[in-house]
Each structure stands twice: as structure tokens, then as C-alpha cells.
Amino acid sequence: MKDLSQEEKQIRYVASFQDLVATPFCGVMNAICWTRNLTGDFAEIVKKVVQSGNITEIEPEELQALQLSEQGNLAREILLGDFALLTAHGAQPSLNVIRNYHQDDDYPFFPTDVYSFHVDRSPIPTSTFLCTYYGESSDILPNAQGRQKVLIPEIRDELRRLYGGAEEGFEAFLTENFFDLHYQADPDAHVMSLGTGNLWRLAVDHPGSQVPPCLHRAPREKPGESRLLLIC
């Protein structure tokens, strides 16, 4: 294992799936990466999948039924292997071909979609796992370089106007509408790409967590290029 310096101390790099799931988060370290250089043609799988809508979930049975080249089959075996590892660990992985995510336009001054830096929240102890096999990859942001948007005065004032109710219900309003999950990056923030092929485990906001949840966001997709993402 190795650590990066300065703000990247939040990341721990490991060499196996067992280390990925067994290494505890601690201190400011809230992201663990199983670094990999994968072989196979993942683009072929994206092309062969019949896409329905902006996000198409691929079940293992559908993946196995695809007619693929030798390189495409290598990619499929990796996908099925990752799916099996995560399922055996107790996770519920979802493999998706993504054209684009829904963009929140209900509140233009405060979008709460996944393109915004945000944290995941759970009522039980858990982690977020994700791997981008093809297309643009997600980003993470050091916690010290992001600010919770609901604490930014001008944004908070706008949210109060939107809320328009009694003061004692304001915090609940922020939580119920997921405003409190979103963060704004500092102007000089060091945004880090998760890269392709790497399997990541990110800390989640849950009761009893000993570390801050990991700030992350989905990338803006390139026109005409879908992403292949496993997440749970």
C-alpha cells in the first residue's frame, strides 16, 4: 500500500479486492482504490448493449448473452468477476451504460443532481463502490477543499426564501430535499479523477462513521460517448 502526499492523503491505494474491503477508513482517509490496468474491449460491450433511455442497466445474464470478439469477451469476464466479488461481499452492484444523468433544473441556483459534488448518506454502515470501465470517470474532492453549500451565506439566504416556513423546520427542509449533501469546490481545489479500470470504495455519511464522507461527482459525458459504470 502507498499514500499520496498533502491533500491526497485521503486516498489509500491497495493491490487486491480483499484489501479494498478490509482496510478501514481512518483520519482523513476516506477513499480506497484498487488500482488496475484492465485488458479487453469495454467499448465493444457498450456498442453491443441495446440502450433504452439515458441509463441502461445490464444484468449478468444479458451480459453473458452478448456475441463478442475475443477482446470483448476478456472485458466481459472482468465485469462478471467484479460483479461476483461485490455480490459475495454483500453488496448489490449495478452495471450501467450511461448516456447522461438527469439534470436537476427545479432550483437553478442549487442543482442537486450527481454532477454536483456531493456525499452519499445511509441509515446503516456501508460504503460506495464504483468503477468506470469506459468513458469519462468520476471525480473526488478533498474535504478540506470543499464547503457545504447550505453554509454559504448567499445560498443559505436563497434557501430560506425558498423554504418560507418556521425557523425550527428549516434544517429538516434542507435534509429532506438533499440540499445538505452538496458541496462547492474552492476556486483552487485539486479535483482528482478516479480513472478507468480502478475499483474504488468511498466513505459514506452514516451513523457511527469515524471519517468524513467522500465528496464526489459524476463527470460531464462527452457528446456521443456513453459510460460503462459499475456502482453499488
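The preceding data block contains the structure.
For clarity, every value in this text was computed on a predicted model and none was experimentally measured.

*Asks:* I'd love a proper account of the overall build of the chain, names of residues and values included.
*Replies:* A count of helical and extended segments in the chain gives six helices and 13 strands. Computed over its C-alpha atoms, the radius of gyration of the chain comes to 19 Å, within 12% of the 17 Å expected for a compact globule of 232 residues. Considered along the principal axes of its C-alpha atoms, the chain spans approximately 60 × 40 × 35 Å. When each of the 232 residues of the chain is scored for burial, the buried share is 47%. Taking the contacts inside the chain whose residues are at least 6 apart along the sequence as the reference set, 75% of them involve residues at least 24 apart. With 19 positive and 33 negative side-chain charges, the chain shows a separation of 4 Å between the mean positions of the two kinds.

*Asks:* Could you give me a rundown of the pattern of salt bridges, with the residues and numbers involved?
*Replies:* A complete count under the given rule lists nine salt bridges for this structure. The residue Asp-82 makes a salt bridge to Arg-36 at a minimum N-O spacing of 2.9 Å. Taken together, the positions of Asp-82 in helix α4 (residues 70–88) and Arg-36 in the loop between β3 (31–34) and α2 (42–48) put the pair 46 residues apart, joining distant regions of the chain. For Asp-82, a relative accessible area of 3% puts it in the buried group. We classify Arg-36 as buried; its relative accessible area is 10%. Look at the salt bridges and you will find they share partners, linking Arg-121, Asp-180 and Asp-205 into a network.

*Asks:* Which residues make up the packing of aromatic side chains, and what are the values?
*Replies:* Each pair of aromatic rings is reported with the distance of its centres and the angle of its planes. Within the structure shown, the criterion is met by eight aromatic pairs. Judged by centre distance (5.0 Å) and plane angle (35°), the ring pair of Tyr-163 and Phe-173 falls under tilted. Within this pair, whereas Tyr-163 is found in helix α5 (residues 153–163), its partner Phe-173 is found in helix α6 (residues 170–176), the two being separated by ten residues in sequence. A relative accessible area of 24% places Tyr-163 in the partly exposed class. Looking at Phe-173, the relative accessible area reads 13%, which means it is buried. Cluster of aromatic residues (ring-pair linked, three or more members): Phe-110, Tyr-163, Phe-170, Phe-173 and Phe-179.

*Asks:* Mind laying out the pairing of strand β4 (residues 55–58), listing which residues take part and the relevant values?
*Replies:* Residues of β4 alternate between two faces, with Thr-56 and Ile-58 buried on one and Ile-55 and Glu-57 left unburied on the opposite face. Relative to strand β5 (residues 94–98), β4 runs antiparallel, the two sharing four bridges. Considered in β5, the bridge of Glu-57 is made with Asn-96.

*Asks:* If you had to explain a negative patch on the surface to someone new, which residues and values would you point to?
*Replies:* A contiguous patch of negative charge, built from Glu-57, Glu-59, Glu-61 and Glu-62, is present on the exposed surface. Its location among the elements puts Glu-62 in helix α3 (residues 60–65).

*Asks:* Tell me about the sheet that holds strand β12 (residues 215–217), and please be specific about residues and values.
*Replies:* Read from one edge of the open sheet, three strands run β10-β7-β12, paired in antiparallel fashion. On the outer flanks of this sheet lie β10 (192–193) and β12, each paired with one strand and no other. Summarising the sheet, strand β7 (residues 139–141) and β10 pair through two bridges and their orientation is antiparallel. Note on β10: the bridge partner recorded for Asp-139 is Ser-193.

*Asks:* With reference to specific residues and values, describe the side chain of Ser-94.
*Replies:* Looking at the secondary structure, you find Ser-94 in strand β5. In this structure the side chain of Ser-94 is engaged in a polar contact, spanning 3.2 Å, whose partner is the side chain of Asn-96. Those residues within four positions of Ser-94 in sequence are excluded, and the remaining contacts are Glu-57, Leu-229, Leu-230 and Ile-231.

What counts and how
- Residues numbered from 1 in each chain as written.
- Predicted model: local features only at pLDDT ≥ 70, side-chain atom pairs only at ≥ 80, totals over all residues.
- Heavy atoms only, no water.
- Helix = DSSP H or I, 4+ residues; strand = E, 2+ residues; numbered from the N terminus.
- Rg over C-alpha atoms; globule rule 2.2 N^0.38 Å.
- Buried < 20%, exposed > 50% of the residue type's maximum accessible area, 1.4 Å probe, protein only.
- Contact = heavy atoms within 4.5 Å.
- Lys, Arg positive; Asp, Glu negative; His and termini not counted.
- Charge placed at Lys NZ, Arg CZ, Asp CG, Glu CD.
- Salt bridge = Lys/Arg side-chain N within 4 Å of Asp/Glu carboxyl O.
- Phe/Tyr/Trp six-rings, centres within 6.5 Å; stacked < 30°, edge-to-face > 60°.
- Pairing = 2+ DSSP bridges.
- Patch = residues over 30% accessible without salt bridge, like charges linked within 9 Å, V, L, I, M, F, W, Y side chains within 5 Å.
- Areas by Shrake-Rupley, 256 points an atom, 1.4 Å probe, with all protein chains shown as cover.
- Polar contact = N/O pair within 3.5 Å; in protein donor to acceptor, adjacent residues only side chain to side chain.

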